[in-house]
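In case you want the letters, here they are:
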Amino acid sequence: MTLEVGVLGYRFMGKAHANALARLPMFFPDAPDAERSVLIGRDEAALTEAADRLGFESIATDWRDVVDEVDVFYNLGPNHVHPEPSIAALEAGTPVFCEKPLAPTLEEAERMADAAREAGVVNGCAFNYRFVPAIRYAKRLLDDGELGEIHHVRGRYLQDWLVDPDAPWSWRNDEEMAGSGALGDLGAHTVDLLRFLVGDLAGEMERVSGHLQTFVEERPVEGSDETRPVTVDDAYSAQVAFENGAMGTLEASRFANGHKNDHTIEIQGSKGSLKFSLERLNELELLREGDRGYQTILVTDADDPYVDHWWPPGHVVGWEHTFVHENYEFLSAIADDGEFAPSFEDGLAAQRVLAAIEESDERGEWVTIE
Ligand code: SOE
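Analysis parameters
Residues numbered from 1 in each chain as written. Predicted model: local features only at pLDDT ≥ 70, side-chain atom pairs only at ≥ 80, totals over all residues. Heavy atoms only, no water. Near = heavy atom within 4 Å. Polar contact = N/O pair within 3.5 Å; in protein donor to acceptor, adjacent residues only side chain to side chain. Areas by Shrake-Rupley, 256 points an atom, 1.4 Å probe, with all protein chains shown as cover. Helix = DSSP H or I, 4+ residues; strand = E, 2+ residues; numbered from the N terminus. Nonpolar A, V, L, I, M, F, W, Y, C, P; charged D, E, K, R; others polar. Salt bridge = Lys/Arg side-chain N within 4 Å of Asp/Glu carboxyl O. Buried < 20%, exposed > 50% of the residue type's maximum accessible area, 1.4 Å probe, protein only. 1 Å grid on protein atoms, 1.4 Å probe; cavity = no way out; pocket = protein on both sides within 12 Å on 5 of 7 lines; lining within 4 Å. Points joined across faces, edges and corners; volume = space filled by probe spheres on them. Pairing = 2+ DSSP bridges. Contact = heavy atoms within 4.5 Å. Axes fitted to C-alpha atoms, helices over the stretch in contact; angles between N-to-C directions. Domains from an automatic or database assignment. Buried area = accessible area lost by both parts, 1.4 Å probe.

1. A short note on the site of the ligand
Here's step 1: Neighbouring residues of the ligand: Phe 12, Lys 100, Tyr 129, Tyr 157, Gln 159, Arg 172, Asp 185, Leu 186, His 189 and Asn 261.
Here's step 2: Here an oxygen atom of the ligand and a side-chain polar atom of Arg 172 are 3.0 Å apart.
Here's step 3: Within the side chain of His 189, a nitrogen or oxygen atom sits 2.8 Å from an oxygen atom of the ligand.
Here's step 4: A total of 310 Å² of accessible area belongs to the ligand in isolation, and the protein chains cover 90% of it.
Here's step 5: A total of three residues in the shell around the ligand trace back to one element, the largest contributor, which is helix H7 (residues 182-202).
Here's step 6: Per-class residue counts for the shell around the ligand are four nonpolar, three polar and three charged.

Shown next, in the form of structure tokens:
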């Protein structure tokens with residue numbers, strides 16, 4: 001069986017997923033055959049160049065011509081482009097893999113999740129950090145009860161690419177196109193990762209108290225004398241109460257000077273604790289019951305998650321491997337008539353938390369997540 005994949009978007013995420021599709025036959029020989037069939041975008045010249053570079057067979061300038069023709073549709077465009085083409089593809093019975101956050105708004109995310117439920121085909125929201133080997137290893141430990149009852153959960157996602165007030169305006173600064181700023185772009189990852197890791201133990205996030213801040217209100221438009229308003233947050237923080245009593249502290253910023261892509265997770269339980277940092281993604285810091293301090297575990301052994309597909313122990317993997325792993329799982333679910341997580345339902349669950357954080361900031365009080 002060969003799956004013909006149509007991909008909307010050819011910039012950052014287009015490149016990451018095209019690389020993953022290219023790596024699959026080499027490193028995951030049991031993955032279904034997937035052809036980089038059609039690359040979709042609006043600018044024909046840029047699209048032609050990208051299709052050639054990223055190994056696509058053809059191009060299309062209108063997603064409407066593609067979504068019911070291919071076996072799988074990848075929606076890797078900016079957030080405001082997620083709902084309409086994804087829903088159309090699902091209505092045509094085509095499995096959809098969509099980048100995160102699922103949609104700019106909760107209402108749109110609900111419509112997307114409804115469409116996925118009705119279509120009954122495999123659907124995925126591309127939270128790639130679930131596919132870091134060390135995160136999977138941590139999940140195993142948590143599921144095995146090694147940390148005991150969960151008390152504290154911390155998630156921080158720090159970047160600094162907007163600290164310069166002259167950094168150019170982009171769609172990521174616009175509420176219509178992005179939905180929110182650091183909250184949706186980075187916070188969505190943290191919320192999903194924590195749901196993945198402790199959801200079965202701590203339950204869902206039940207109540208939040210949020211704070212959003214925009215430090216620079218307008219930015220220059222590249223190549224012109226104009227400026228445009230920044231209509232999203234530059235940073236957010238939130239306190240979270242989990243269903244089963246655990247406390248969470250979340251934070252993300254695009255103004256955290258000195259931090260490029262620093263996503264850290266900490267979990268403390270009654271029997272042990274763990275720490276993970278994306279900057280050292282092959283490692284997990286673990287404190288087991290009775291230990292006096294944390295031990296650093298290099299998660300690169302042959303029996304560690306996904307590692308046997310790559311290199312011998314100690315020959316570390318990187319950020320791009322997370323995309324290979326998620327593409328492997330997603331395409332395998334389609335070929336095996338199975339299920340994929342994180343699904344649109346998971347994307348919606350994360351979106352509910354993001355919306356509640358925003359609402360809490362606006363109302364100045366704790367908000368219960370429905
Ligand atoms: C940009 O802020 C960005 O590329 C996010 O959009 C990604 O989801 C994250 O993985 C890294 O940072």
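2. Things to note about the pattern of salt bridges
Here's step 1: Scanning the entire structure with this criterion turns up 22 salt bridges.
Here's step 2: A salt bridge links Arg 64 to Glu 84; the shortest N-O distance between them is 3.8 Å. Here Arg 64 is found in the loop between strand E3 (58-60) and strand E4 (72-75), whereas its partner Glu 84 is found in helix H3 (residues 83-91), with 20 residues between them in sequence.
Here's step 3: Taking relative accessible area as the criterion, Arg 64 reaches 46% and is therefore assigned partly exposed.
Here's step 4: According to the relative accessible area criterion, Glu 84 is exposed, its value standing at 52%.
Here's step 5: Between Arg 288 and Glu 146 there is a salt bridge, and its shortest N-O distance comes to 2.8 Å. Taken together, the residues Arg 288 in the loop between strand E15 (283-287) and strand E16 (295-298) and Glu 146 in the loop between helix H5 (133-143) and strand E7 (150-158) connect sequence positions 142 residues apart.
Here's step 6: What makes Glu 146 partly exposed here is its relative accessible area of 29%.

3. So, empty space enclosed by the protein
Here's step 1: As enumerated under the stated definition, the model contains one cavity of 30 Å³ or more in all.
Here's step 2: The volume enclosed by the largest cavity comes to roughly 50 Å³.
Here's step 3: Lining the largest cavity are Pro 133, Asn 282, Val 299, Thr 300, Val 307, Trp 310, Trp 311, Pro 312, His 315, Val 316 and Val 317.
Here's step 4: Here the lining of the largest cavity is composed, by residue class, of eight nonpolar, three polar and no charged.

4. Quick word on the sheet that holds E16
Here's step 1: Ordered by their spatial adjacency, nine strands build an open sheet running E16-E15-E14-E13-E7-E12-E11-E8-E17, and the pairing between neighbours is mixed. Pairing within the sheet leaves two strands with one partner each, and these edge strands are E16 and strand E17 (367-368).
Here's step 2: By the bridge criterion, three bridges tie strand E14 (residues 273-277) to E15 in an arrangement that is antiparallel. By the bridge assignment, Leu 274 is partnered in E15 with Leu 286.
Here's step 3: On the sheet, H5 packs against E7, strand E13 (262-269), E14, E15 and E16 and is oriented at approximately 25 degrees with respect to E15.
Here's step 4: Against the sheet, H7 contacts E7, strand E8 (205-213), strand E11 (235-242), strand E12 (247-253) and E13, and its axis sits at roughly 155 degrees relative to E7.

5. Brief notes about the domain arrangement of the protein chain
Here's step 1: Structurally, the protein chain comprises domain 1 (2-127) and domain 2 (129-317 + 340-363).
Here's step 2: Look at where the C-alpha atoms of domain 1 and domain 2 centre, and you get two points 24 Å apart.
Here's step 3: For the pairing of domain 1 and domain 2, the buried interface totals around 2400 Å² over both sides, and the portion due to carbon and sulfur atoms is 69%.
Here's step 4: When the buried area of domain 1 at its contact with domain 2 is split by residue, Phe 27, Phe 28 and Phe 127 rank highest and sum to 30% of it.
Here's step 5: Where domain 1 meets domain 2, there are two salt bridges.

6. Looking at the environment of Ala 167
Here's step 1: Among the secondary structure elements, Ala 167 is positioned in the loop between E7 and helix H6 (175-178).
Here's step 2: On the basis of relative accessible area, Ala 167 is assigned to the buried category, the value being 10%.
Here's step 3: Along the primary structure Ala 167 and Arg 219 are separated by 52 residues, whereas in three dimensions their C-alpha atoms are 6.9 Å apart.

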